[in-house]
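Structural characterization, general
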Amino acid sequence: DIHFDYKIAIESIKAGVDKVRINPGNIGAKWKVREIAKVAKDYNVPIRVGANSGSLKKEYLSKYDGDFANALVESALDEIRILESVGFEDIVVALKSSDVLTTIRANQLISQKVDYPLHLGITEAGPSLFGTIKSSLGIGYLLLQGIGNTIRVSLSDEPEREVIVGRLILRSIGLEEGVEIVSCPTCSRTEIDVIEVAKLVFERTIHIKKKLKIAVMGCIVNGIGESENADIGIAGVRNGAVLFKDGKIIGTFSEEEALNELLKYIETISHPEVERPS
Ligand code: SF4
């Protein structure tokens, strides 16, 4: 991810990077971009043209009277034309803003103008919860419109969290296979610690890349009905919990035992060589 110094981009390519990102807002004169493109072509390395609303050149913003979406598009298109002028077309385009609506509009516009792959993200999206919501809305909305090829979630949080959020965005709209957890919001009928159980099940299953629906429900009154489509689930009953599979109860346990049985089942899903409990 190179800013300001075109020589570093060239040296990075020669050193073996898989892809290089340049920022049209600060990489400098056209001849510098052409030099990067020539080396990238020789080394068969793609270039991402990554325009960011925080580093747009003033001329673009003035031209569009402060309309960041159009300014981002034109900034990227100008850089793309420089790359194409030396026959370089191994291009990925990213137009990012910390504003969700600007990011959506910029990507909608560019998707009508170029056929290059688009990399999506809400840049500097914010602290964990807020950034997750902004990223889900922005990235999710575009993906649901069929726009976008790769994604990056940008949070003021641990990088691992960014990866988890990205995967859950893809999973939520059916673009990645994995475990889906259906869990109830709790109410006065709740008989088990739904919040803790759901959290534990989530932590134990986030890595599993198999289509599986697990229900964690506070009571049996609505629990089984609400989770009819789940593959396996737990629902609270007075002084314990039941486990159910495909909508049918398979046993009544103490809350602790039911949770252990559920986790055992999850373990066999993660390691299919272990025999599953019947
Ligand atoms: S499943 Fe039961 S405990 Fe959970 S919200 Fe519905 S009625 Fe309440």
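What comes next concerns the included structure. (Residues numbered from 1 in each chain as written. Predicted model: local features only at pLDDT ≥ 70, side-chain atom pairs only at ≥ 80, totals over all residues. Heavy atoms only, no water.)

Scanning the entire structure with this criterion turns up one aromatic pair. When the ring of Tyr 6 is compared with that of Trp 31, the centres are 5.2 Å apart and the planes differ by 75°; the resulting orientation is edge-to-face. Within this pair, whereas Tyr 6 is found in helix α1 (residues 6-15), its partner Trp 31 is found in helix α2 (residues 30-43), the two being separated by 25 residues in sequence. Tyr 6 sits in the buried class, given a relative accessible area of 13%. In this arrangement the basic side chain of Lys 134 is found over the ring face of Phe 130, its NZ or CZ atom lying 5.4 Å from the centre. (Phe/Tyr/Trp six-rings, centres within 6.5 Å; stacked < 30°, edge-to-face > 60°. Helix = DSSP H or I, 4+ residues; strand = E, 2+ residues; numbered from the N terminus. Buried < 20%, exposed > 50% of the residue type's maximum accessible area, 1.4 Å probe, protein only. Lys NZ or Arg CZ within 6 Å of the ring centre and 35° of its normal.)

What follows covers the environment of Gly 126. The topology assignment puts Gly 126 in the loop between β4 (119-120) and α6 (128-144). With 28 residues separating them along the chain, Gly 126 and Ser 98 place their C-alpha atoms 8.2 Å apart. Excluding its chain neighbours within four sequence positions, the residues that come into contact with Gly 126 are Gly 131, Ser 154, Leu 155 and Ser 156. (Contact = heavy atoms within 4.5 Å.)

Running from N to C, helix α5 (residues 100-111) and α6 point in directions that differ by 20°, and their axes come no closer than 9 Å. As the angle between them shows, α5 and α6 are arranged roughly parallel. As α5 runs across α6, the sense of the crossing is right-handed. On the side of α5, the interface is formed by Val 100, Thr 103, Ile 104, Asn 107 and Gln 108, while α6 contributes Lys 134, Leu 137, Gly 138, Tyr 141 and Leu 142. Tallied by class, residues from the contact of α5 with α6 come to five nonpolar, four polar and one charged. (Axes fitted to C-alpha atoms, helices over the stretch in contact; angles between N-to-C directions. Parallel < 35°, antiparallel > 145°, perpendicular 65-115°, else oblique. Left-handed = near helix turned anticlockwise from the far one by under 90°. Nonpolar A, V, L, I, M, F, W, Y, C, P; charged D, E, K, R; others polar.)

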